[in-house]
Amino acid sequence: MGRRRFLQVCAGVGAGSAAAAACVPASRSGRPHRRTDSAANHGPPAERDLPGTSDWRIRSQGPPDAVTGYADRVSVAPGEECGLYVSTTASGFQVSAFRVGWYGGAQARRVWSSGRVPGRVQPAPRFLPDTRTVRADWQPTVTFTTEGWPEGAYLLRLEADTGHQHYVPLIVRSVQGRGRTVLMHAPATWQAYNRWGGYSLYNGADGSYLTRSLAVSFDRPYDSVGAEKFLVYERPLVVLAERLGIPLAYTTGADVHRDPSVLHGARAAVCLGHDEYWTPQQRLYVTEARDAGTNIAFLGANTCFRRVRLEADGSAPERTVVCYKSAYDADPYLRSRPALVTTDFRAPPAPDPESSLTGVLYEGYPTDAPYVVRAADHWLYEGTGVRPGDGFDHLVGVEYDRVTPGHPVPEPLEITAHSPLLCQGSPSHSDSAYYSVGGGAGVFATGTMRWVEALLAGTADGGRDHGMDARTRAFVTRTTENLLRGFAEGPAAHHRPAPRPNVSQVYG
């Protein structure tokens, strides 16, 4: 099945001021709901209420070699140092760190800026032929400390003397998430689609699937603006969650893989708009958190579909995402550790369909269809005014999930939306589904990849919104608010109505 071509993010123009700092050159409800809004989730004054910076967007991308770079890690704990590797054809550049959030609607705040750093063109990347891996292996350019930076999702913007700009995403991760909603970012998926240097886990330099990488490295810049997947599939949810004021924590799938303690005692964990690539360890830890009472939200489609390994890249641990996919018979783990072979979770040699966690199963691409509400009286849709059969054009796409009889799903499970569609000429459905488990956790899956995108549909900041309109944005926004507020109260089965099993009714 062919793969998608991702959207380009529209750039905005604004103005703002930078805070000076130094850098170091290279070395159904009906029941009343308790509000969970809080203005103190980051201490007084709340981080979300600080003045924002309007000038955080990319104004001029320029040619690919104008300015680009990558960080030496996908996340840092507050106060840790981080290194940047930058290549530019300009004589110099500057770095600004923008924390993404509400900020009165500005959506970001500049927390740090470097001085001017001398620029240079870095060498051509290395190519590792055994796995067709591109690795920049550049010399370090800037190191900085994150002392005083609040936890959160950041865009480091490189700005060359020529005015051309490029993003480097960075998560300042939370050490603990007890009592909070954990936003789990997806850098393994960002990297899987990254074609910098001509190779991704989908295509080789000649554009074909057969010459794709079998392993991709974090030691290279991201293509396009540098943070496309974050901007499209994650940023809108971060902004909404911070606007609500619920207590938040931030992490990545790679961090959960290494250390699941951020999930211990968390009220909820949120998987964002496109979170396809998981390690078995990440899946195990998220499942254990669910069983211990942490609510889980899957706000995209195609989630937890690919089984990957994180391996060392040179001297750095876990800087390579390994995924052999259909070439799994060449995976060196095939005979020694079959449960870690990097193919689809549902596929041999150790099939474990993702639906046992998500409640839905990835089915296909591409599609474009209305989202059709079935259980209009479900607590998730409270306040939206929807009735059974109401539809929202273009909200289902470009990939979709469904409840698939014959594959494992937790019970009790309720299909809340059941949306007819065509995929490559074949009729099917996309499903939103909600289930709960014995420990009290509720789990909701939207069944569509466009859910987070729809939070900006019809706005100037929405990029390509696939024809979704303000009505769809209002519906998705209110439903997501209900979800986040409800899940922030603790195990949803203790606070919200139980799912009404209807799979056999829907599918016979």
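Residues numbered from 1 in each chain as written. Predicted model: local features only at pLDDT ≥ 70, side-chain atom pairs only at ≥ 80, totals over all residues. Heavy atoms only, no water.

Novice: Looking at this structure, how should I read the overall build of the protein chain?
Specialist: Counting its secondary structure elements, the protein chain contains nine helices and 26 strands. Relative to the 2.2 N^0.38 estimate, which gives 23 Å for 508 residues, the radius of gyration of the protein chain is 22 Å and therefore close to what a compact globule would have. On the principal axes, the C-alpha backbone points of the protein chain span a range of 65 × 55 × 40 Å. Across the 508 residues that make up the protein chain, the buried fraction comes to 61%. Of the accessible surface of the protein chain, which amounts to about 18,000 Å², a share of 52% is contributed by carbon and sulfur atoms. Distance from the positive charge centre (52 side chains) to the negative charge centre (51 side chains) of the protein chain: 1 Å. (Helix = DSSP H or I, 4+ residues; strand = E, 2+ residues; numbered from the N terminus. Rg over C-alpha atoms; globule rule 2.2 N^0.38 Å. Buried < 20%, exposed > 50% of the residue type's maximum accessible area, 1.4 Å probe, protein only. Areas by Shrake-Rupley, 256 points an atom, 1.4 Å probe, with all protein chains shown as cover. Lys, Arg positive; Asp, Glu negative; His and termini not counted. Charge placed at Lys NZ, Arg CZ, Asp CG, Glu CD.)

Novice: Help me understand the packing of aromatic side chains in this model?
Specialist: Both the distance between ring centres and the angle between the ring planes are used here to describe each pair of aromatic rings. Using the criterion set out here, one finds 22 aromatic pairs in the structure. Both rings, one in Trp112 and one in Phe144, keep their centres 4.9 Å apart while their planes meet at 25°; by these two values the pair is stacked. Residue Trp112 is found in strand β6 (residues 108–113), and its partner Phe144 is found in strand β10 (residues 142–145); the two are separated by 32 residues along the sequence. Using a relative accessible area of 4% as the deciding quantity, one classes Trp112 as buried. Of the residues examined, Phe144 reaches a relative accessible area of 2% and is grouped as buried. With a centroid separation of 6.2 Å and an interplanar angle of 75°, the aromatic rings of Trp190 and Phe230 are classed as edge-to-face. Here Trp190 is found in helix α1 (residues 187–193), whereas its partner Phe230 is found in helix α2 (residues 228–233), with 40 residues between them in sequence. Taken individually, Trp190 and Phe230 each receive the classification buried, so the pair is uniform in this respect. Members of the aromatic cluster, each reached through a chain of ring pairs, are Tyr371, Tyr381, Phe392, Phe444, Trp451 and Phe475. Looking at Arg496, its charged tip hangs above the ring of Trp379, at a distance of 5.4 Å from the centre. (Phe/Tyr/Trp six-rings, centres within 6.5 Å; stacked < 30°, edge-to-face > 60°. Lys NZ or Arg CZ within 6 Å of the ring centre and 35° of its normal.)

Novice: Sorry if this is basic, but what is going on with the pattern of salt bridges here?
Specialist: Between side chains of opposite charge, a pair can form as their charged atoms come close. Tallied over the entire structure, the rule returns 34 salt bridges. Taken together, the shared-partner salt bridges connect Asp72, Arg73, Glu80, Arg173, Asp255, Arg258 and Glu318 into one network. (Salt bridge = Lys/Arg side-chain N within 4 Å of Asp/Glu carboxyl O.)

Novice: So what exactly am I meant to see when it comes to helix α5 (residues 280–291) here?
Specialist: Since one α-helical turn is 3.6 residues long, residues separated by three or four positions face the same way. Over its 12 residues, α5 runs 16 Å from end to end, which matches the ideal 16 Å to within 8%, given 1.5 Å per residue. Along α5, the residues that are buried comprise Pro280, Gln282, Arg283, Val286, Thr287, Ala289 and Arg290. Gly293 sits one or two positions beyond α5 and adopts a positive phi of about 115°. (Expected span 1.5 Å × (residues − 1).)

Novice: Would you mind showing me how to read the nonpolar core here?
Specialist: If you look at soluble globular proteins, the nonpolar side chains tend to sit buried side by side. Ranked by internal contacts, the top residues of the largest apolar core, which has 75 residues, are Leu237, Tyr277, Tyr371, Leu395, Phe475 and Phe487. If we skip the residues at most four places from it in the chain, Tyr277 touches Ala188, Thr189, Ala192, Tyr193, Leu201, Tyr202, Gln282, Arg306, Val308, Cys323 and Lys325. Formed by 29 residues, the second largest nonpolar core is a distinct cluster that contains Cys271, Tyr435, Val437 and Ala441. (Core = buried A, V, L, I, M, F, W, Y, C linked by side-chain atoms within 4.5 Å. Contact = heavy atoms within 4.5 Å.)

Novice: Please explain the environment of Pro348 as it appears in this structure.
Specialist: Tracing the backbone shows Pro348 in the loop between β21 (316–322) and α6 (355–358). Separated by 114 residues in sequence, Pro348 and Glu234 place their C-alpha atoms 31 Å apart. Apart from the residues lying within four places of it in its own chain, the contact partners of Pro348 are Tyr328 and Thr343.

Novice: Help me understand the sheet that holds strand β14 (residues 215–217), please; the structure alone is not making it clear to me.
Specialist: On the basis of which strands lie adjacent, the open sheet formed by three strands has the order β14-β21-β20 and antiparallel pairing. Looking at strand neighbours, the two that pair on one side only are β14 and β20 (309–313), the edges of this open sheet. Put simply, the sheet's adjacent strands are angled 45° from each other on average, direction ignored. Sheet topology places β20 next to β21; four bridges connect them, and they run antiparallel. The residue of β21 that forms the bridge with Leu310 is Val321. (Pairing = 2+ DSSP bridges. Axes fitted to C-alpha atoms, helices over the stretch in contact; angles between N-to-C directions.)

Novice: Just checking my understanding: could you explain the side chain of Arg402 for this structure?
Specialist: Mapped onto the elements, Arg402 comes out in strand β23 (residues 391–402). Using a relative accessible area of 14% as the deciding quantity, one classes Arg402 as buried. A distance of 3.4 Å separates the side chain of Arg402 from the side chain of Ser428, its partner in a polar contact. Not counting residues up to four positions away in its chain, the partners in contact with Arg402 are Val360, Leu361, Glu363, Ser428, His429, Ser430, Asp431 and Tyr507. (Polar contact = N/O pair within 3.5 Å; in protein donor to acceptor, adjacent residues only side chain to side chain.)

Novice: Please explain the confidence of the model for the protein chain as it appears in this structure.
Specialist: For the protein chain, mean pLDDT is 91; residues scoring 70 or higher make up 90% of the total. A low-confidence stretch, residues 1–44 stays under pLDDT 50, and its non-local contacts, those more than four residues away or across chains, total 129 contacts. (pLDDT = per-residue confidence, 0-100.)

Novice: In this structure, what is going on with the environment of Gln505? I would like to understand it.
Specialist: Counting through the fold element by element, Gln505 comes out in helix α9 (residues 503–507). Residue classification places Gln505 among the exposed residues on the basis of a relative accessible area of 59%. The spatial distance from the C-alpha of Gln505 to the C-alpha of Ile415 is 9.8 Å, given a sequence separation of 90 residues.

Novice: Can you walk me through helix α8 (residues 470–488) in this structure?
Specialist: Under the 1.5 Å per step criterion, the end-to-end length of α8 is 26 Å for 19 residues, consistent within 8% with the ideal 27 Å. Burial analysis of α8 places 14 of its 19 residues in the buried class, which makes it a mostly covered element. Where α8 starts, the residue carrying a side-chain oxygen 3.3 Å from the main-chain nitrogen of Arg471 turns out to be Asp469. Of the residues one or two after α8, Gly490 is the one with positive phi, at around 115°.

Novice: Just to check I follow, could you spell out unusual backbone geometry for this structure?
Specialist: Backbone phi values are negative for most residues with the exception of glycine, while trans is the configuration of most peptide bonds. Cis geometry is found at the peptide bond from Gly397 to Val398, where omega equals -20°. Residues Glu411 and Pro412 are joined by a peptide bond in cis, for which omega reads 0°. Within the secondary structure, Pro412 is located in the loop between β23 and β24 (413–423). Phi angles above zero are rare outside glycine, and Gln107 is one such case at about 75°. Turning to its location among the elements, Gln107 is positioned in the loop between β5 (92–100) and β6. With phi around 50°, Asp137 is a residue other than glycine that occupies positive phi space.

Novice: How should the state of the cysteines be read in this particular structure?
Specialist: Note: disulfide means a covalent bond formed between the sulfur atoms of two cysteine side chains. The full count for this structure, using the stated rule, is zero disulfides. Among the cysteines around Cys271, which has no disulfide bond, Cys304 carries the closest sulfur, lying 8.2 Å off. Looking at Cys271, the relative accessible area reads 0%, which means it is buried. (Disulfide = S-S within 2.5 Å.)

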